[in-house]
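# Descriptive analysis of the structure
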Amino acid sequence: MKGILVILDGLGDLPNKQLDNQTPLEAAHTPNLDFLANRGEIGYMYPVKPGYIPQSDEAIVSIFGNELISSTRGQLEAKGAGIKLIRGDLALRANFATIDSLEKGNILDRRAGRTLTSKEARILAKALNKIELPRKFIFKPTVQHRGALVFRGGFSDNISTNFIYFLKGQDDKIKLSKPLDDDENSQYSANILNEFLEKAYKILDKHPVNEERRKKGLMPANYILLRGAGIEIPKLKFYKNWLSVTYMPLEIGFSKISGMKVFSFTYPKLKKLDVYDNLYKGLKKACKVSIKTIKKNHKKFDYAYIHIKETDIPGHDNKPFEKKAMIEYVDKTLFNFLKKFAPQKKIKILVTGDHSTPCKLKSHSADPVPVLFYNDSVPKEKKFNEKEARKGILRKIIGRDLLNKIEFV
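Quick summary incoming for the structure in this document. (Residues numbered from 1 in each chain as written. Predicted model: local features only at pLDDT ≥ 70, side-chain atom pairs only at ≥ 80, totals over all residues. Heavy atoms only, no water.)

### Brief notes about the pattern of salt bridges
When the charged atoms of two side chains lie near each other, side chains of opposite charge can form a pair. Let me state the cut-off plainly: Just to be clear on terms, a salt bridge is a Lys or Arg side-chain nitrogen sitting within 4 Å of an Asp or Glu carboxyl oxygen. Elements are defined by DSSP. Helices are runs of H or I of four residues or more, strands are runs of E of two residues or more, and each kind is numbered from the N terminus.
If you walk through the whole model with that rule in mind, you get 18 salt bridges. Two residues, glutamate 195 and lysine 199, come together in a salt bridge whose shortest N-O distance is 3.0 Å. Taken together, the residues span about one helical turn, with glutamate 195 and lysine 199 both in helix H6 (residues 184-205) at a distance of 4 residues. If you follow the salt bridges from partner to partner, you end up with Asp57, Arg73, Glu77 and Arg93 in one network.

Set out below in structure tokens:
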């Protein structure tokens, strides 16, 4: 194996008062990441371009050298969820969410409080799949509040979806889907989407699962938020000599379409209300599977792509101490292993984030992410964090240039 790319989701952050005006990465104790930084080069990256706030799919697509127009979130999510797609199927990324009512349309929480159990999601999805529409569709729950929605055959994706939160960085109001051109099929596609959403709310709002959640003081999962409409299977650069350790639908779908060999695992089911207990179980499993996969397959592949999702969640929830703790956990497990394994195998290590998710913003931002490239160079004391990255020898990098710049191709 020549190199390993580790993406820590949502890694970038801003100085936080709770951490003495440090970012979670700056405040974290990361001796193993710092070891790699001391024997490598650091810099900072704009995943798409300066000033642009990337969604997760846009960031990953760009970092692997693709144009944004080449992909849609819905197609990647559906592929990663194991839904078979053919051209013309309209695929969308879905969230179980909470609204006050269909009439008022205020989004109270776009993740139903993060407390939707795996069992509840399955039950609600089963009810949704019984909705009667003029065209066939499938709704599949994936991890926690997430899901994928696919309408079968002959649709247009030139439509708006009912929720665009990255533009404002905060929850707002639901929106009707609208055609973005004068084509009849675009109008029809928007109409089908709106009909589904209206019927979905009527089913979900009065569903026994949500009635029980209300009794417990929990937010009902009474609405579906959709984004990333796509009908074309993405045309992405091929990375057939890569393995991928990914476990969220988006990254699994991206890896499969990019020709990588995917090594995954079933994410721990959320059974109780402590979502962070569930996230730590997922993080522990992700690091364990990553280590095992590299050990077993380093002679079979040229490169590895490892994507750690959990570091993004505390940013969205404004939990800087949790983000710091998760970074420290990855350092003492995965990067402790890589610190020992990579030098003796002469494997290069590339570490970065797909985007910044500052805790105080509770959303993605246009801020750059730090980049670490371990190449076993002459040791020079430095730490891996946002502040140091700004002074690094790699300087500014644009996402699409990253792999070429450090010769990971």
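### With respect to empty space enclosed by the protein
Which entries qualify depends on this criterion: Using a 1 Å grid laid over the protein atoms alone, points where a 1.4 Å probe fits but cannot get out form a cavity; open sets with protein on both sides within 12 Å along at least 5 of 7 lines form a pocket; any residue with an atom within 4 Å of a point counts as lining. Grid points are joined across faces, edges and corners, and a volume is the space filled by probe spheres set on the points. Under the convention adopted here, Pro, Cys and the residues Ala, Val, Leu, Ile, Met, Phe, Trp and Tyr are nonpolar, Asp, Glu, Lys and Arg are charged, and Gly plus all remaining residues are polar.
Taken as a whole and judged by the stated rule, the model has 1 cavity of 30 Å³ or more. In this structure, the largest cavity encloses a volume near 210 Å³. Lining of the largest cavity is provided by 21 residues; of these, Arg73, Arg93, Arg146, Arg227 and Lys309 occupy positions nearest its centre. If you list the elements that add at least two residues to the lining of the largest cavity, you get helix H4 (73-80), strand E3 (90-99), helix H8 (249-257) and helix H10 (313-316). Grouping the constituent residues of the lining of the largest cavity by class yields 5 nonpolar, 5 polar and 11 charged.

### Looking at the environment of glycine 113
For glycine 113, the position within the fold is in the loop between strand E4 (107-109) and helix H5 (118-128). Counting along the chain gives 64 residues from glycine 113 to serine 177, while the straight-line C-alpha distance between them is 24 Å.

### A few points about the packing of aromatic side chains
Here is the rule we go by: Stacked, edge-to-face and tilted labels apply to pairs of Phe, Tyr and Trp rings (six-membered ring for Trp) whose centres lie within 6.5 Å, assigned for plane angles under 30 degrees, over 60, and everything in between, in that order. Relative accessibility under 20% of the residue-type maximum defines a buried residue, over 50% an exposed one, and the middle range a partly exposed one, all with a 1.4 Å probe and only protein chains included. Throughout this description, the term charge over a ring refers to an Arg CZ or Lys NZ atom that lies within 6 Å of the ring centre and within 35 degrees of the ring normal.
For the structure shown, the criterion picks out 21 aromatic pairs. Arranged with centres 5.8 Å apart and planes meeting at 15°, the rings of tyrosine 247 and tyrosine 267 form a pair that is stacked. Of this pair, tyrosine 247 sits in the loop between strand E8 (242-245) and H8 while tyrosine 267 sits in the loop between strand E9 (261-263) and helix H9 (275-297), and the two are 20 residues apart along the sequence. Neither tyrosine 247 nor tyrosine 267 differs from the other in exposure class; each is buried. One Lys or Arg, lysine 339, reaches over the ring of phenylalanine 35 and ends 5.6 Å from the middle of that ring. If you follow arginine 390 out to its NZ or CZ, it ends over the ring of tyrosine 44, 4.7 Å from the centre.

### Regarding unusual backbone geometry
Here the phi dihedral of alanine 112 falls at roughly 55°; this positive angle occurs in a residue that is not glycine. On the secondary structure map, alanine 112 appears in the loop between E4 and H5. Look at aspartate 376: it is not a glycine, yet its phi comes out positive at around 60°. Looking at where aspartate 376 falls in the secondary structure, it is placed in the loop between strand E12 (369-374) and helix H12 (386-389).

### Quick word on the side chain of aspartate 57
Inclusion rule: Contacts are assigned to residue pairs that have any heavy atoms within 4.5 Å of one another.
Within the fold, aspartate 57 resides in helix H3 (residues 56-63). By relative accessible area, aspartate 57 is classed as buried at 9%. Apart from the residues lying within four places of it in its own chain, the contact partners of aspartate 57 are Thr72, Arg73, Leu76 and Leu250.

### Re a positive patch on the surface
Defined as follows: Any residue with relative accessible area above 30% and no salt bridge may belong to a patch, with like charges joined within 9 Å and the nonpolar Val, Leu, Ile, Met, Phe, Trp and Tyr side chains within 5 Å. Per-residue and other accessible areas were derived by the Shrake-Rupley procedure at a 1.4 Å probe size, with only the shown protein chains allowed to occlude residues. In this tally, Asp and Glu contribute negative charge and Lys and Arg positive charge; neither His nor the terminal groups of the chain are included. Charge placement uses NZ in Lys and CZ in Arg. For Asp and Glu, CG and CD serve respectively.
Together, Lys284, Lys285, Lys288, Lys292, Lys296 and Lys300 make up a region of like positive charge exposed at the surface. The residue lysine 300 is located in the loop between H9 and strand E10 (303-308) in this model.

### Comments concerning the sheet that holds strand E1 (residues 3-8)
Where we set the bar: Two strands form a pair only when DSSP identifies at least two bridges running between them. All axes are obtained by fitting lines to C-alpha atoms, using only the stretch in contact for helices, and the reported angles, taken between N-to-C directions, cover 0 to 180 degrees.
Taken together, 8 strands build an open sheet; the order of strands is E9-E8-E10-E1-E11-E12-E2-E13 and the sheet is mixed. Of all strands in the sheet, those with a lone pairing partner are E9 and strand E13 (395-398), marking the two edges. With direction set aside, neighbouring strand axes in the sheet form an average angle of 25°. Where strand E11 (residues 348-352) meets E12, 3 bridges bridge the pair, whose relative direction is antiparallel. Note that in E12 the partner of isoleucine 349 across the bridge is tyrosine 374. The sheet strands contacting H8 are E8, E9 and E10, and the helix crosses E10 at an angle near 165°.

### Points about the packing of H5 against helix H7 (residues 208-215)
Relative placement of two packed helices is described by the angle separating their axes and the distance separating the axes. Short version of the rule: The scheme is simple: roughly parallel for angles under 35 degrees, roughly antiparallel for over 145, roughly perpendicular for 65 to 115, oblique for anything else.
Running from N to C, H5 and H7 point in directions that differ by 140°, and their axes come no closer than 9 Å. Overall, the two elements H5 and H7 adopt an arrangement that is oblique. For the pair formed by H5 and H7, the contact residues are Glu120, Ile123 and Leu124 on the first element and Val209, Asn210 and Arg213 on the second. Partitioned by chemical class, the residues of the contact of H5 with H7 number 3 nonpolar, 1 polar and 2 charged.

### Some remarks on the nonpolar core
Put simply, the rule is: For our purposes a nonpolar core is just a set of buried Ala, Val, Leu, Ile, Met, Phe, Trp, Tyr and Cys residues, chained together by side-chain atoms within 4.5 Å.
Counting residues in each nonpolar core, the largest one holds 50 residues, and the members touching the most others are Ile4, Val6, Phe335, Ile349, Val351, Leu372 and Phe384. If you list the elements that add at least two residues to this core, you get E1, helix H2 (31-38), E8, H9, E10, helix H11 (320-345), E11 and E12. Counting residues per element, this core draws most heavily on H11, which supplies 10 residues. With residues near it in sequence (within four places) discarded, valine 6 still touches Ile306, Leu334, Phe335, Leu338, Leu350, Val351 and Thr352. Counting 39 residues, the second-largest nonpolar core is a separate cluster that includes Ala121, Ile192, Tyr201 and Leu226.

### Concerning the layout of surface pockets
Estimated volume of the second largest pocket: approximately 430 Å³. Surrounding the second largest pocket, 22 residues form its lining, Pro141, Thr142, Val143, Thr266 and Tyr267 being those nearest its centre. Elements with a contribution of two residues or more to the lining of the second largest pocket: H5, strand E5 (137-141) and H8. Looking at which element gives the most residues to the lining of the second largest pocket, the answer is H5, with 3 residues. Looking at the lining of the second largest pocket residue by residue, the classes come out as 11 nonpolar, 7 polar and 4 charged.

### What to know about the packing of H2 against H11
Filter applied, for reference: The sense of a crossing depends on the near helix, which, turned anticlockwise from the far helix by less than a right angle, makes the crossing left-handed and, turned clockwise, makes it right-handed.
At a minimum axis separation of 8 Å, H2 and H11 run at an interaxial angle of 35°. Crossing handedness for the pair H2 and H11: left-handed. Touching Pro31, Asn32, Leu33, Phe35 and Leu36 of H2 are Asp331, Lys332, Phe335, Asn336 and Lys339, all from H11. By residue class, the composition of the contact of H2 with H11 is 5 nonpolar, 2 polar and 3 charged.

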